[in-house]
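A closer look at the structure
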Amino acid sequence: MLKFIDGGVCAAQGFQAAGIHVGVKTHANWKKDVALIVSDVDCAASAVFTKNVVKAAPIHVDKTHLADGKARAIIANSGNANACAPQGEENAIKMCQAAAKAIGCKPEDVLVSSTGVIGQTLNVKVIEDGMPELYAALDHSAEASDAAAHAIMTTDTEKKEAAVETVIGGKVVRMGGIAKGSGMIHPNMGTMLCFLTTDCAISPEMIRTALLETVNVSFNRISVDGDTSTNDSCIVLANGLAGNKTITEKGEDYAAFLEALQALCMALAKKMASDGEGAKHLITCTVQGAADEAQAETISKSVISSTLTKAAIFGADANWGRVLCAMGYSGAEFDPEKVDVHFTSAAGDIAVCEQGRGLDFDEDFAKKILTEHDIEINITMGEGSGSCTCWGCDITYDYIKINGDYRT
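What counts and how
Every chain begins its residue count from 1, and numbering advances along the sequence as written. Per-residue local features are limited, in this predicted model, to residues with pLDDT of at least 70; the limit for side-chain atom pairs, both in listing and counting, is 80 or more; totals at the level of whole chains, interfaces and linings are taken over all residues. Computation of side-chain values: all heavy atoms of the structure, hydrogens and water removed. Helix numbering and strand numbering both begin at the N terminus, where a helix is a DSSP run of H or I of at least 4 residues and a strand a DSSP run of E of at least 2. Working definition: with a 1.4 Å probe on protein chains only, accessible area under 20% of the residue-type maximum means buried, over 50% means exposed, and in between means partly exposed. Contacts are assigned to residue pairs with any non-hydrogen atoms lying within 4.5 Å of each other. Note on areas: these come from Shrake-Rupley sampling with a 1.4 Å probe, and a residue is covered only by the protein chains present in the view. The criterion is simple. A nonpolar core is a set of buried Ala, Val, Leu, Ile, Met, Phe, Trp, Tyr and Cys residues joined through side-chain atoms within 4.5 Å. For two strands to count as paired, DSSP must find a minimum of two bridges between them. With the strands aimed away from the viewer, a crossover counts as right-handed if its path from the first strand over the helix to the second runs clockwise. To be clear, the arc concerns the directions from the helix axis to the C-beta atoms. The residues that make up patches have over 30% relative accessible area and no salt bridge, and they are joined within 9 Å when like-charged or within 5 Å when they are Val, Leu, Ile, Met, Phe, Trp or Tyr. The working definition used for a salt bridge is a side-chain nitrogen of Lys or Arg within 4 Å of a carboxyl oxygen of Asp or Glu. Here a polar contact is taken to be a pair of N or O atoms separated by no more than 3.5 Å, where protein atoms must pair a possible hydrogen donor with a possible acceptor and residues adjacent in sequence count only if both atoms sit in side chains. What counts as an axis is a line fitted to C-alpha atoms, over the stretch in contact for a helix, and the angles between N-to-C directions run from 0 to 180 degrees. Working definition: roughly parallel below 35 degrees, roughly antiparallel above 145 degrees, roughly perpendicular at 65 to 115 degrees, and oblique for all remaining angles. Each crossing gets its handedness from the near helix: less than a right angle anticlockwise from the far helix is left-handed, clockwise is right-handed. When residue character is reported, Ala, Val, Leu, Ile, Met, Phe, Trp, Tyr, Cys and Pro are called nonpolar, Asp, Glu, Lys and Arg charged, and the others, Gly included, polar. pLDDT expresses how confident the predictor is about each individual residue, on a scale running from 0 to 100.

Within the protein one finds 11 helices and 15 strands. Along the three orthogonal principal directions, the C-alpha set of the protein runs to about 70 × 55 × 35 Å. Within the protein, the fraction of its 408 residues that count as buried is 58%. The long-range share in the protein, meaning contacts at least 24 apart out of those at least 6 apart in sequence, stands at 80%. With the model as given, the accessible surface of the protein reaches about 16200 Å², and the carbon-plus-sulfur share is 49%.

On to the nonpolar core. Formed by 38 residues in total, the largest nonpolar core has its most connected members in Cys194, Leu196, Ile202, Phe219, Cys234, Phe257 and Leu268. Of all the secondary structure elements, the ones that give two or more residues to this core are β6 (160–168), β7 (171–180), β8 (193–198), α5 (204–216), β9 (233–238) and α6 (252–274). Per-element accounting of this core gives the leading share, 12 residues, to α6. Ignoring any residue separated from it by four or fewer positions in sequence, one finds Leu196 in contact with Gly176, Gly177, Leu211, Cys234, Ile235, Val236, Leu237, Leu261, Leu264, Cys265 and Leu268. Listed in part, the 33 residues of the second largest apolar core include Ala290, Ile304, Met327 and Phe361.

This part is about the pairing of strand β4 (residues 70–78). Of all the 9 residues making up β4, 8 are buried; the element is thus mostly covered by neighbouring parts of the structure. Relative to β4, strand β3 (residues 34–49) is paired through 7 bridges, and the arrangement is antiparallel. Paired with Ala44 across the bridge in β4 is Lys70. Read as a crossover between parallel neighbours, the route from β4 over helix α2 (residues 88–103) to strand β5 (residues 110–115) is right-handed.

Note: most residues except glycine have negative phi, and most peptide bonds are trans. Positive phi, normally seen in glycine, also occurs at Asn82, with a value near 45 degrees. Among the structural elements, Asn82 can be located in the loop between β4 and α2. With a phi close to 55 degrees, Gln355 is a non-glycine residue in the positive phi region. With respect to the helices, strands and loops of the structure, Gln355 is situated in the loop between β12 (348–354) and β13 (357–358). Owing to a relative accessible area of 42%, Gln355 belongs among the partly exposed residues under this scheme.

Three or more residues of helix α10 (residues 363–370) are buried, namely Ala366, Ile369 and Leu370. For α10, the arc enclosing every buried residue in end-on projection is 90 degrees, short of the 170-degree limit, so these residues lie on one face. In α10, those exposed residues whose orientation departs by more than 90 degrees from the buried face are Asp364 and Lys368. In this structure, the buried side of α10 is in contact with α8 (307–314), β11 (340–345), β12 and β14 (374–380).

Here we take up a nonpolar patch on the surface. Among the surface-exposed residues, Met1, Val167 and Val172 lie close enough to one another that they form a single nonpolar patch of about 300 Å² accessible area. If you trace the backbone, Val172 turns up in strand β7.

What follows is about the pairing of strand β2 (residues 15–20). Judged by how many residues are buried, β2 sits mostly within the fold: 6 of 6 residues are covered. The two faces of β2 match: Phe15, Ala17 and Gly19 on one face and Gln16, Ala18 and Ile20 on the other face are all buried. As judged from the 6 bridges shared by β2 and β3, these two strands associate in the antiparallel manner. Bridged to Ala18 within β3 is Leu36.

We now examine the environment of Ser305. Within the element layout of this structure, Ser305 appears in helix α7 (residues 293–305). Judged by its relative accessible area of 24%, Ser305 is partly exposed. Linking Ser305 and Cys84, residues 221 residues apart in sequence, is a C-alpha distance of 27 Å. A polar side-chain atom of Ser305 sits 2.7 Å from the main-chain carbonyl oxygen of Lys301.

With that settled, the discussion passes to the packing of α2 against helix α3 (residues 124–136). For the pair α2 and α3, the least separation of the axes is 10 Å and the interaxial angle reads 20 degrees. Comparing their axes, α3 and α2 come out roughly parallel. Where α2 crosses over α3, the handedness of that crossing is right-handed. Counted together, Asn91, Lys94, Met95, Ala98, Ala99, Ala102 and Ile103 of α2 and Val124, Ile127, Glu128, Met131 and Tyr135 of α3 form the full contact between these two elements. For the contact of α2 with α3, the per-class residue count stands at 9 nonpolar, 1 polar and 2 charged.

Before going further, it helps to examine the confidence of the model for the protein. With 94% of its residues at a pLDDT of at least 70, the protein reaches an overall mean of 92. Ignoring residues within four places in sequence, the model shows residues 183–190, a span with pLDDT below 50, making 48 contacts including any to other chains.

What follows is about the pattern of salt bridges. One pass over the structure, following the stated rule, counts 12 salt bridges. The partner of Glu165 in a salt bridge is Arg174, and the shortest N-O contact between them spans 2.8 Å. Assessed through its relative accessible area of 34%, Arg174 is described here as partly exposed. In this structure, the salt-bridge partner of Arg357 is Glu337, at a minimum N-O distance of 3.3 Å. Highlighted residues: Arg357 in strand β13 and Glu337 in the loop between α9 (320–328) and β11, separated in sequence by 20 residues. Note on Glu337: relative accessible area 46%, which makes it partly exposed.

Further remarks concern the sheet that holds β13. With mixed pairing, the 6 strands of this open sheet are ordered in space as β13-β12-β11-β14-β10-β15. Since the sheet does not close on itself, it has two edges, and those belong to β13 and β15 (386–393), each with one partner. Examined bridge by bridge, strand β10 (residues 282–290) and β14 share 7 bridges and lie parallel to one another. Its bridge partner being in β14, Leu282 is matched across the sheet by Asp374. Against the sheet, α9 makes contact with β11, β12, β13 and β14, and its axis sits at roughly 125 degrees relative to β11, the strand it touches most. Sheet contacts for α10: β11, β12 and β14; angle to β12, the most-contacted strand, approximately 120 degrees.

Given below as structure tokens:
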């Protein structure tokens, strides 16, 4: 019943999007730098933000605007984080006001996000001056979602976009999303923006519950470099145009909604991990046989966050000892002598550790496995029935190059 479709944030009924260049990015070959997402009608809305104590100005504004659980639009810029910057909240509010004036809604019904360099004053005037062109570019098409997805990219090398379709209460329901994130990615959200839209009818309370459940099994299970940004935001808008009976409590309809939202966000999360700054490999770490899911998650996160493990994958070195080492300092209690480790990819599967001891294995075959783009580290623990999958990437010379001169 659940299937992936095209259309991104415009897949759901009644959503338009746009993305253009206005001049926030001044040295980016006219790359798009402002995105706008608008619903034809008011939406139930919710968001999850960074756990970093230092939060960008847009987050403070959004928390105020979401107090009533409603919103109509999202405006976002790339090229400047509007974090720790002069006139931060004032400029974030100006972005909302400019969008609201063009749309014909209250500024409080507009949510705002920014991403880019921290500590520099946002040139909000170019956004205000570009608003007529941005509003005129709004469209319900897949191409419009594509433009918005490109407009929020910073060091991303490719857009992050997905959409799904399911049936809830006898009605076809669609939801879609665009996201950005390539560096400063770590569990508890990393320098990521994610904007989700759906035509499902659902109450603000239940969409909040669903978003929290979803973020915990998707965006909070990826890591690129161990840094958590000041701007992380995951925002969802639900306009109810699918015509299903409004979801107001947990039950069959809520379960179907949650399944679709989690499938969508996991797909976007994997795209972020795969496109980590300078990355050559997507690393998927699955832990099975843990005492419970919490233990499995702790260990899986530790492995995909391990700099030494990431370096080994970059070098196609089947150094399973680094995996056990990362498990050991994760903080989880377990018996190392029950642990099995396999490396797997499209090239095959190889056992490298059994019952906590190294195995004789074909190094050439292992290297062939680890040369593929998608690498799996499969861990079996023999502690119980808990399991969890987390996603990360390797670390390369290019990561240093990208971040060594990011600001300048």
